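Inside the fold
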Amino acid sequence: MQCNPIERYPLQCKTLFLSFSLSYSSEVRLFLVGFIALFKVFHNTTKMVKICCIGAGYVGGPTMAVIALKCPSIEVAVVDISISRITAWNSDQLPIYEPGLEEVVKQCRGRNLFFSTNVEKHISEADIIFVSVNTPTKTRGLGAGKAADLTYWESAARMIADVSKSNKIVVEKSTVPVKTAEAIEKILSHNSKGISYQILSNPEFLAEGTAIQDLLNPDRVLIGGRETPGGQKAIKALKDVYAHWVPEDRIISTNLWSAELSKLAANAFLAQRISSVNAMSALCEATGADVSEVSHAIGKDSRIGPKFLNASVGFGGSCFQKDILNLIYICECNGLPEVANYWKQVIKVNDYQKNRFVNRVVASMFNTVSGKKIAILGFAFKKDTGDTRETPAIDVCKGLLGDKASLSIYDPQVTGDQIQREISMNKFDWDHPVHLQPMSPTSVKQVNVVWDPYEATRDAHGICILTEWDEFKTLDYQRIFNNMQKPAFVFDGRNIVNIEKLREIGFIVYSIGKPLDPWLKDMPAIA
Ligand SMILES: NC(=O)C1=CN([C@@H]2O[C@H](COP(=O)(O)OP(=O)(O)OC[C@H]3O[C@@H](n4cnc5c(N)ncnc54)[C@H](O)[C@@H]3O)[C@@H](O)[C@H]2O)C=CC1
Ligand SMILES: O=C(O)[C@H]1O[C@H](OP(=O)(O)OP(=O)(O)OC[C@H]2O[C@@H](n3ccc(=O)[nH]c3=O)[C@H](O)[C@@H]2O)[C@H](O)[C@@H](O)[C@@H]1O
């Protein structure tokens, strides 16, 4: 990495200044002070550290926007092969919905934050290159259905090797299998043309919907690097970037493999907590216990803690399942089938939870939803995002369509096009760059997407709440009930409605892990 010459030669500059100061008049001294100040400014601006991030997605976009916000002296370019994504980043309609993101982008865009499709130019000019491209589950070949597909990562690495003319720090921001850095090092060093590369692992822990807050105030920043002087120097350079706003004690450095594995481990532990509470929710329904009360009681134990104990229709999102599958594959490759099986169970329980929900819906409606209108409230995988990758809504909707239901879907942040695409696409196709996905999948006739929850629920037999959007808590349920077929059902997959109030109105209510409505007790959901 290049650094400011004033910093590189501080002693020489100071000595020069001192010797002139002693021998010349005050005017000359004043001139010199001005000259050196200008020299500093000039060099600070021309030798600005440059960052390039390959991949302008849910991670690359917000992460770089926050770096640009907090480090005005660093120039940040976010590049992508998707022209539509970059066009959107440069417009008033950002490509992703994330609270607080627009404000940050507007403050920095055009100042020290740039979005571009000129991948080669920005890579070649950068000192630090973050790689934040997709690492989806492989769909075919060796490890299909489990291993991470590193196609996009490898092509980014080859691009770096092709266009670089100066030394680079390459930062793994994508979630990758442990030991990926070794593979990347090989690609880069075999094509190095005398250039030196340092690979760092700097996994991202932000959650969608709270990305900006997570980035501004992270629990920790993790940086893994080689234990060589070069590796340690690279770690220091990246630490200096984060140190602009993250307290030093929250910046952890480790070896490369610990950092890579910690990311997979963190997601596996988080997902395991949800599967644990979801497994309990099934037992609560069978026994009359209330899962919210159980979560509250166990969460009071400081060793367990209260977070991530909300029972739900299942976890979704682009990462939990993909990263656990990846972990399972790594365990299998390392001859650890027992460990692999342990983690497999987390995914099995998640699938079980989604199936269980569909079975409840169908069983309570006299064992058939054929031709019945079911309103789906919420399609995103969680509130405050428009992201639908691996949302449990896909499996629930497919399950209901399998029983010939007719669906009317409302989500405040997801378009009809996106919903149709998700429902008609094959599993795992969703996490590839947009321009590589099927352009116009055949839309499913029994699916109607509307922009109003009252429209979605009119004449419906039942309502499934699949995302915990706040607005679903305050809907006029009396009005909704009046316009529905009877008996009218609410299946709350997020435990957000007031069950007692809805029962008073006349609804038959199912809420995950809560004591069952007498109606549901008489209609057991056996698959
Ligand atoms: N979405 C999330 O909340 C989190 C994601 N991650 C990880 O970060 C990585 C990226 O995830 P997302 O940002 O969600 O994905 P994304 O799909 O939103 O963004 C990835 C971008 O990379 C671009 N791309 C792919 N290959 C490229 C190449 N060779 N050159 C230039 N651009 C290229 C794609 O066009 C796409 O816009 C994944 O490994 C994911 O596991 C980690 C933490 C949180
Ligand atoms: O690697 C990633 O992609 C990210 O994955 C998750 O973040 P994210 O998927 O954006 O959102 P979460 O808040 O973790 O929710 C994931 C899913 O679990 C569900 N969930 C969460 C918490 C809970 O108690 N119950 C529950 O069902 C959510 O509704 C959602 O469907 C992790 O929380 C992030 O730390 C990580 O960086």
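Please read these numbers as outputs of a predicted model, since none were measured by experiment.

Right, let's get into the packing of helix H9 (residues 180-190) against helix H12 (residues 256-287). Two measures define how a pair of helices packs: the angle their axes make with one another and the distance between the axes. Here H9 crosses H12 at 125°, and the two axes come no closer than 9 Å. Between H9 and H12, the angle is such that the two are oblique. For the pair H9 and H12, contact is made by Thr180, Ala181, Glu182 and Glu185 and by Leu256, Trp257 and Glu260, respectively. Here the contact of H9 with H12 is built from residues that sort into three nonpolar, one polar and three charged.

Turning to helix H8 (residues 151-163), a few remarks are in order. Over its 13 residues, H8 extends 19 Å from the first C-alpha to the last, a length consistent with the 18 Å expected when each residue adds 1.5 Å. What H8 keeps buried is the set Tyr152, Trp153, Ala156, Ala157, Ile160, Ala161 and Val163. At its buried positions, H8 is contacted by strand E1 (49-54), helix H7 (119-125), strand E4 (128-131), strand E5 (168-172), H9 and strand E6 (197-201).

Under the criterion given, the structure shown has 14 aromatic pairs. When the ring of Tyr242 is compared with that of Trp245, the centres are 5.7 Å apart and the planes differ by 50°; the resulting orientation is tilted. The class of Trp245 is buried, set by a relative accessible area of 15%. A centroid spacing of 5.6 Å and a plane angle of 80° characterise the contact between Phe315 and Phe320, whose relative ring orientation is edge-to-face. With relative accessibility at 6%, the residue Phe315 sits in the buried group. Over the ring of Trp257 we find Lys179; its NZ or CZ atom is 4.3 Å from the centre of that ring. Cation over ring: Arg220 sits above Phe205, and NZ or CZ is 3.6 Å from the ring centre.

The next thing to look at is the domain arrangement of the protein chain. Reports often express the size of an interface as the amount of accessible area lost when the parts come together. Assigned domains within the protein chain: domain 1 (50-246) and domain 2 (289-511). Between the C-alpha centres of domain 1 and domain 2 there is a distance of 31 Å. Each partner contributes residues to the interface: domain 1 has 25 residues there, and domain 2 has 27 residues. Between domain 1 and domain 2, roughly 2,200 Å² of surface is buried when both sides are summed, and carbon and sulfur atoms account for 56% of that area. Sorting the residues of domain 1 by area buried against domain 2 places Tyr97, Lys146 and Glu208 first, and these three jointly supply 29% of that buried surface. Of the charged contacts in the structure, one is a salt bridge between Glu332 and Lys146, with a shortest N-O distance of 2.8 Å. Of the residues belonging to the side of domain 1 that touches domain 2, the class tally is 13 nonpolar, nine polar and three charged.

This next bit is on the packing of helix H14 (residues 320-333) against helix H15 (residues 337-364). Interhelical geometry of H14 versus H15 gives an angle of 165° and a closest axis separation of 8 Å. Of the possible angle classes, the one that applies to H14 and H15 is roughly antiparallel. Helix-helix and strand crossings are classified by hand; for H14 and H15 the assignment is left-handed. Note on element contacts: H15 touches H14 through Val339, Ala340, Trp343, Lys344, Val346 and Ile347, opposite Gln321, Ile324, Leu325, Leu327, Ile328, Cys331 and Glu332. Here the residues of the contact of H14 with H15 sort into 10 nonpolar, one polar and two charged.

This paragraph deals with the nonpolar core. By size, the foremost hydrophobic cluster in this structure holds 62 residues, and its most contacted members are Phe357, Leu400, Leu407 and Phe507. The dominant element in this core, judged by the number of residues it contributes, is helix H16 (residues 392-402), at six residues. When near neighbours in sequence (up to four residues on either side) are disregarded, Phe357 contacts Val313, Val396, Cys464, Leu466, Phe491, Asp492, Gly493, Tyr510 and Ile512. With 44 residues, the next largest nonpolar core counts Ile96, Val104, Ala211 and Ile212 among its residues.

Here the focus is the pairing of strand E8 (residues 251-255). Bridge count for strand E7 (residues 221-225) against E8 is five bridges, and the pairing is parallel. Among the inter-strand pairings, Val221 is bridged to a residue of E8, identified as Ile251. Each parallel crossover has a hand, and the one from E7 via helix H11 (residues 229-242) to E8 is right-handed.

The rules we used
Residues numbered from 1 in each chain as written. Chains lettered and ligands numbered in written order. Predicted model: local features only at pLDDT ≥ 70, side-chain atom pairs only at ≥ 80, totals over all residues. Heavy atoms only, no water. Axes fitted to C-alpha atoms, helices over the stretch in contact; angles between N-to-C directions. Helix = DSSP H or I, 4+ residues; strand = E, 2+ residues; numbered from the N terminus. Parallel < 35°, antiparallel > 145°, perpendicular 65-115°, else oblique. Contact = heavy atoms within 4.5 Å. Nonpolar A, V, L, I, M, F, W, Y, C, P; charged D, E, K, R; others polar. Expected span 1.5 Å × (residues − 1). Buried < 20%, exposed > 50% of the residue type's maximum accessible area, 1.4 Å probe, protein only. Phe/Tyr/Trp six-rings, centres within 6.5 Å; stacked < 30°, edge-to-face > 60°. Lys NZ or Arg CZ within 6 Å of the ring centre and 35° of its normal. Domains from an automatic or database assignment. Buried area = accessible area lost by both parts, 1.4 Å probe. Salt bridge = Lys/Arg side-chain N within 4 Å of Asp/Glu carboxyl O. Left-handed = near helix turned anticlockwise from the far one by under 90°. Core = buried A, V, L, I, M, F, W, Y, C linked by side-chain atoms within 4.5 Å. Pairing = 2+ DSSP bridges. Right-handed = clockwise from strand over helix to strand, strands pointing away.

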